[in-house]
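Residues per chain are reported as follows:
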Amino acid sequence: MSRDLGSREAADRLNAMLERAPYARFLGMRADLAGDEMTAILPYSLHLIGNPSLPALHGGVIGAFMELTALAQLSIAKYPTGQGLARQPRPIDVTVEYLRSGRPVDTYARAQIKRLGRRVANVQVEAWQESRARPIAALHGHFHVTPAGNEAG
């Protein structure tokens, strides 16, 4: 029962984070949570196209989608002590590698927290379309975090 409660709390934090982000709403972004694995979904929409002659998704849309995916993963993260984050993480630096054109289809992303420290989190994200083995972009970012109970720092 406590596991179901933890999953429900994580889903509530995830949905609240996506609702607070106006750009996530503009993109139509949503996320599926299965246990501790979160998959972000960017449904295709005509307003996301950057190059209509190909057509291809706008690079800024892909980059923002992956950054929001990293923030969403951090929103459900827990420290070994069981505490979460006190407030929304802030980007310190983000690097995006564009590997392929984003075609006009749904796009998916998963984030992996490589390190969650007292002040900085290191997160990697991959975005793909039809096949996870063929990513269209990757992100590596550092985010300023504040553990719950440590709001002054």
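Here, the structure is the one placed above.
Rules used throughout
- Residues numbered from 1 in each chain as written.
- Predicted model: local features only at pLDDT ≥ 70, side-chain atom pairs only at ≥ 80, totals over all residues.
- Heavy atoms only, no water.
- Salt bridge = Lys/Arg side-chain N within 4 Å of Asp/Glu carboxyl O.
- Helix = DSSP H or I, 4+ residues; strand = E, 2+ residues; numbered from the N terminus.
- Pairing = 2+ DSSP bridges.
- Axes fitted to C-alpha atoms, helices over the stretch in contact; angles between N-to-C directions.
- Phe/Tyr/Trp six-rings, centres within 6.5 Å; stacked < 30°, edge-to-face > 60°.
- Buried < 20%, exposed > 50% of the residue type's maximum accessible area, 1.4 Å probe, protein only.

Caption draft 1: Local environment of the pattern of salt bridges. One pass over the full model with this rule turns up 2 salt bridges. Here Arg110 makes a salt bridge to Glu37, at a shortest N to O gap of 3.4 Å. Taken together, the positions of Arg110 in strand S6 (residues 107-116) and Glu37 in strand S2 (residues 37-42) put the pair 73 residues apart, joining distant regions of the chain.

Caption draft 2: Quick look at the sheet that holds S6. One open sheet holds the 6 strands; their spatial order is S1-S2-S6-S7-S8-S5, and the pairing between them is antiparallel. Each edge of the open sheet carries a strand with a single partner, namely strand S1 (30-34) and strand S5 (90-98). Taking the axes of each pair of neighbouring strands and ignoring which way they run, one obtains an average angle of 25 degrees across the sheet. In terms of strand pairing, strand S7 (residues 120-128) meets strand S8 (residues 135-144) through 9 bridges, oriented antiparallel. By the bridge assignment, Val123 is partnered in S8 with Gly141.

Caption draft 3: Examining the packing of aromatic side chains more closely. Evaluated as defined, the whole model comprises 2 aromatic pairs. Ring centres 5.5 Å apart and planes at 25 degrees place the aromatic pair Tyr23 and Phe26 in the stacked group. A residue pair is termed a helical-turn pair when its members lie 3 or 4 positions apart in one helix, as Tyr23 and Phe26 do in helix H2 (residues 22-27) at 3 residues. By relative accessible area, Tyr23 is classed as partly exposed at 36%.

Caption draft 4: Quick peek at unusual backbone geometry. In this structure, Pro55 follows Leu54 across a cis peptide bond, with omega equal to -15 degrees. As for its placement among the helices and strands, Pro55 is situated in the loop between strand S3 (49-51) and strand S4 (56-57).

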